[in-house]
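# Survey of secondary and tertiary structure
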Amino acid sequence: MVFLLVVFALTLYSVFKGEDLRAVLRAIITVNPWYLLPGIAGVIIFIWGESIIIHYMFGTLKIRTKRWTCFLYSCVGFFFSAITPSASGGQPMQIYYMRKNKIPVPVSTLVLMIVTITYKSVLVAIGLFVAFFQRGFVHRYLEGILPIFYLGVALNVLCCIAMSILAFHPALAKWIMMKFLKILERIHILKHKPERTRRLAESMDQYNATALYLRTHGRVIVNVLIITFLQRFALFFVTWFVYKAFGLNGAHIYDVVMLQAVVSVSVDMLPLPGGMGISENLFLIIFKGIFTAGLLLPGMVLSRGIAYYVQLLLSAGMTLFAHLTIGQKAADKI
């Protein structure tokens, strides 16, 4: 939390240093609020989209879950991803709450790994498409951020490859986990316990069985990719609605949405909570030709405020609700 607050303070300083805050507020007050509502709806669809994927994948594995509970899992993931570097905290916390509902850890781990792979695959597809087939777009808007953009694409590609190997080569995943356990025992972080080794081996066998099922049901992965694509673009469209809320015209919807997608590709793997700081500054660089003078900073504040901070507050509230409700029935019975 200290790290998050420090990054937030530095972000405010870097963005608003030397700016007229009153002028920014005056510009924001003049927007058409009816255009902001679909932007907020896009955030809700973004979170809801992942819950649909989780519910769908659990269903294919014969695990019964309620749609509302899956929405809570999704909120938990987005909240902890938003406040941890490289979004590293989301999946572990989702697994924790799924375990409270008696969902086996190997199954939830693999399902969330597939969710992450498809999530990042959409970013990779966008990044590669822009890099190789949109050279005019790149030269027009991205000249000032090309190193960060290419770094973001490369990191997402490497992440997808690594996670795909673990997801679809379970024998290797089992070997890594068993080897890691032996290392922890050798350096005396864990005591050697045959029972622990046996349980880990059984868990990895369950992981293997789930991975085998998904490998032989390619249609499931295709459906997840389609849903993920729609989910991601629901969030990218937030900036377009902000653009229209200021009464602006002239920019094509494709340029606005794809520029926001480029920001996501660039910052997704960087070790900053929610891409905080770098996202705001990239926006100010590449949207300079989209938002007219005096509206660039207010546009960034509204776009980032809806896409990140509204998402953060909504998922925080739902995470608190999840913490108070998930697993309580089982605990009451005990």
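Residues numbered from 1 in each chain as written. Predicted model: local features only at pLDDT ≥ 70, side-chain atom pairs only at ≥ 80, totals over all residues. Heavy atoms only, no water.

### Some words on the overall build of the protein
Worth spelling out the cut-off: We count a stretch as a helix when DSSP gives it H or I for four or more residues in a row; a strand needs E for two or more, and each element gets its number in order from the N terminus. Radius of gyration means the value over C-alpha atoms here, while the globule rule gives 2.2 Å times the residue count to the 0.38 power. Only protein chains enter the accessibility calculation, which uses a 1.4 Å probe; a residue is then buried when its area is under 20% of its type maximum, exposed when over 50%, and partly exposed in between. When checking whether two residues touch, look at their non-hydrogen atoms; a contact exists if any pair is within 4.5 Å. The accessible surface values rely on the Shrake-Rupley method and a 1.4 Å probe; as for residues, cover is taken only from the protein chains in view.
Across its full length, the protein holds 16 helices and zero strands. Its C-alpha atoms give the protein a radius of gyration of 22 Å, within 12% of the compact-globule value 20 Å for 334 residues. Its C-alpha atoms give the protein principal-axis dimensions of roughly 65 × 45 × 40 Å. Expressed as a percentage of its 334 residues, the buried residues of the protein come to 51%. Residue pairs at least 24 apart in sequence account for 77% of intrachain contacts in the protein once pairs closer than 6 positions are excluded. Accessible area for the protein stands at about 16800 Å²; split by element, carbon and sulfur atoms hold 70% of it.

### A look at helix α4 (residues 67-83)
Along an α-helix, a turn takes 3.6 residues, which lines up residues three or four apart on a common side. Condition: Take the number of residues in a helix, subtract one, and multiply by 1.5 Å to get its expected span.
With 17 residues, α4 should reach 24 Å at 1.5 Å per residue; the first-to-last C-alpha distance of 25 Å fits that figure. Taken across its 17 residues, α4 has 15 buried, putting it largely inside the fold.

### Observations regarding the pattern of salt bridges
Working definition: two side chains of opposite charge can pair if their charged atoms are close together. Which entries qualify depends on this criterion: Salt bridges are identified by distance alone: a Lys or Arg side-chain nitrogen within 4 Å of an Asp or Glu carboxyl oxygen.
The full count for this structure, using the stated rule, is two salt bridges. Among the salt bridges present, the one from Arg304 reaches Glu280, with a minimum N-O distance of 2.8 Å. Placement of the pair is Arg304 in helix α15 (residues 296-325) and Glu280 in helix α14 (residues 278-286), with a sequence separation of 24 residues. Taking relative accessible area as the criterion, Arg304 reaches 14% and is therefore assigned buried.

### Some thoughts on the packing of aromatic side chains
Basically, it comes down to this: Any two rings among Phe, Tyr and Trp, with Trp reduced to its six-membered ring, count as a pair given centres within 6.5 Å; such a pair is stacked if its planes are under 30 degrees apart, edge-to-face if over 60, and tilted if neither. The criterion is that NZ of a Lys, or CZ of an Arg, lies within 6 Å of the ring centre and within 35 degrees of the ring normal, and then a charge sits over that ring.
Counting across every chain of the model gives 19 aromatic pairs. Ring geometry for Phe149 versus Tyr150: centroids 5.5 Å apart, planes at 45 degrees, classification tilted. Sitting above the plane of the Tyr119 ring, Arg232 keeps its charged end 4.1 Å from the centroid. Its end group placed over the ring of Tyr308, Arg304 keeps NZ or CZ at 4.3 Å from the ring centre.

### So, the nonpolar core
This is how the line gets drawn: Nonpolar core, defined: a set of buried Ala, Val, Leu, Ile, Met, Phe, Trp, Tyr and Cys residues in which side-chain atoms within 4.5 Å join the residues together.
Counting 102 residues, the largest nonpolar core has Ile126, Val130, Leu142, Phe246, Phe287, Ile290 and Phe291 as the members making the most contacts within it. The biggest single contributor to this core is helix α6 (residues 105-133), with 14 residues. The residues contacting Val130, other than those within four sequence positions of it, are Arg135, Phe137, Val138, Leu142, Phe149, Met258 and Val262.

### Brief notes about the confidence of the model for the protein
So the rule is basically this: For every residue, the pLDDT score states the predictor's confidence, bounded by 0 at the bottom and 100 at the top.
With 90% of its residues at a pLDDT of 70 or more, the protein has an overall mean of 83. The element-level mean pLDDT for the protein is lowest in helix α16 (residues 328-333), coming to 46, with helix α12 (residues 238-245) highest at 93. Across residues 330-334, confidence stays below pLDDT 50; counting only partners more than four residues off in sequence or on other chains, it has one contact.

### Here we look at helix α5 (residues 90-100)
Considered for burial, the residues of α5 that qualify are Gly90, Gln94, Ile95, Tyr97 and Met98. Tucked inside the fold, the buried residues of α5 contact α3 (33-60), α4, α6 and α15.

### Description of the state of the cysteines
Throughout this description, disulfide means a covalent bond between two cysteine sulfur atoms. Heads up, the condition is: Defined by distance alone, a disulfide is two cysteine sulfur atoms within 2.5 Å.
For the coordinates displayed, the defined rule picks out zero disulfides. Counting only cysteine sulfurs, Cys75 is the nearest neighbor of Cys70, a cysteine outside any disulfide, at a range of 11 Å. A relative accessible area of 0% places Cys70 in the buried class. Cys160 takes part in no disulfide bond, and the closest cysteine sulfur to it belongs to Cys159, at a distance of 5.9 Å. Residue classification places Cys160 among the buried residues on the basis of a relative accessible area of 10%.

### Considering unusual backbone geometry
Here the phi dihedral of Lys62 falls at roughly 65 degrees; this positive angle occurs in a residue that is not glycine. Along the polypeptide, Lys62 turns up in the loop between α3 and α4. On the accessibility criterion, Lys62 (74% relative accessible area) is exposed.

### Comments concerning the packing of helix α11 (residues 218-236) against α12
Condition: Helix axes are fitted to C-alpha atoms over the stretch in contact, other axes to C-alpha atoms as well, and angles between N-to-C directions run from 0 to 180 degrees. Convention used here: angles under 35 degrees read as roughly parallel, angles over 145 as roughly antiparallel, angles from 65 to 115 as roughly perpendicular, and any remaining angle as oblique.
Two numbers describe how α11 lies on α12: the axes approach to 4 Å, and their chain directions differ by 25 degrees. By the angle between their directions, the pair α11 and α12 is classed as roughly parallel. For the pair α11 and α12, the contacting residues are Ala234, Leu235 and Phe236 in the first and Val238, Thr239 and Trp240 in the second.

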